[in-house]
Amino acid sequence: MQIKLSVVVITYNEEKNIGQCLESVKAVADDIVVVDSYSTDRTGEICRAQGARFIEHTFHSHIEQKNWAITQAKYPHILSLDADEALSEELKSSILLVKSDWEMDGYYFNRLTNYCGKWIKHTTWYPSRKLRLWDARKGQWGGLNPHDKFIMDPEARKKHLHGDLLHYSYYTVEEHLQQLDRFSTIHARSYYKMGIRTNLIKRNIHTVWRFLNDYIFRLGIIDGRSGFIISKLGAREVWLKYLKLRDLWLSESEKESG
């Protein structure tokens, strides 16, 4: 029997991407719900025009928002996308086949990222396997903000699907720099809450390893200038994350001594 599928997306000021995202899922969706954290652009207008249910909800964290968004879906079988993602034609076909014969608890597929107009085929960006199609009764969102992931029950059965999830990440390097600054702050706060500490040696080792892993071992060099920029900025995000974590602990020490 064919299952009914809810597509769930969270948004904030995504007028540039959301139309493409929603258009790509129409062939597979029986229900489309967008949970928005009070956008100030045309996101809501575009979503409603595309036939999506548009619900506003205060954002506290990526994990909390995505778990709450699941509760707004009509059906337990969920396809979860970010606003800057879209289904390739091959992935649409794979999902339609799964809808007719749902045999696993979750399905994952590769994500192919477009960076400033270029598709990135190497670094840790590809193949970046994402578990985005699942029975919501078999798990929940978890991980570490802002890099959340859906964590399925230990006994859950999973399968890889053919076709790429297309990710339109950054249109300019400046956008990438702004995002990594925000994400490094969120990540540092998450580490701080977990009691994780850092030092100069750890910062250096993790930063250098991130660059070498992306550019050399994961063959980012083949992606040319874009591969170098991605590798360099990935390392920069790691450095900033640990630097901000250090500052949080220093601030705490100053409060205690004061």
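Note that the coordinates shown come from a computational prediction; the quantities given were computed from them, not determined experimentally. (Residues numbered from 1 in each chain as written. Predicted model: local features only at pLDDT ≥ 70, side-chain atom pairs only at ≥ 80, totals over all residues. Heavy atoms only, no water.)

Caption draft 1: A look at the nonpolar core. Membership of the largest hydrophobic core comes to 30 residues, with the highest contact counts inside it found for V9, L79, L87, I95 and L133. Mapped onto this core, the elements with two or more residues apiece are β1 (6-11), α1 (18-25), β2 (31-36), α2 (43-49), β4 (77-82), α4 (89-100), β6 (106-115) and β11 (158-170). Broken down by element, the residue count for this core peaks at four residues, all from α1. Look past the residues within four positions of V9 in its chain and what remains in contact with it is I18, C21, L22, V33, V34, V35, L81, D82 and A83. Core analysis: the second largest hydrophobic core is formed by 17 residues, V33, A136, W141 and M152 among them. (Core = buried A, V, L, I, M, F, W, Y, C linked by side-chain atoms within 4.5 Å. Buried < 20%, exposed > 50% of the residue type's maximum accessible area, 1.4 Å probe, protein only. Helix = DSSP H or I, 4+ residues; strand = E, 2+ residues; numbered from the N terminus. Contact = heavy atoms within 4.5 Å.)

Caption draft 2: Representation of unusual backbone geometry in the model. With omega at -5°, the peptide bond leading from Y126 into P127 counts as cis. Within the element layout of this structure, P127 appears in the loop between β7 (118-120) and β8 (128-135). Cis geometry marks the peptide bond from N145 to P146; its omega dihedral reads 5°. Within the secondary structure, P146 sits in the loop between β9 (139-144) and β10 (147-152). With phi around 50°, N13 is a residue other than glycine that occupies positive phi space. Locating N13 in the fold gives a position in the loop between β1 and α1. Residue class for N13 comes out partly exposed when judged on its relative accessible area of 29%. The phi torsion at T123 lies on the positive side, around 65°, for a residue other than glycine. Along the chain, T123 falls in the loop between β7 and β8. For T123, a relative accessible area of 0% translates into the label buried.

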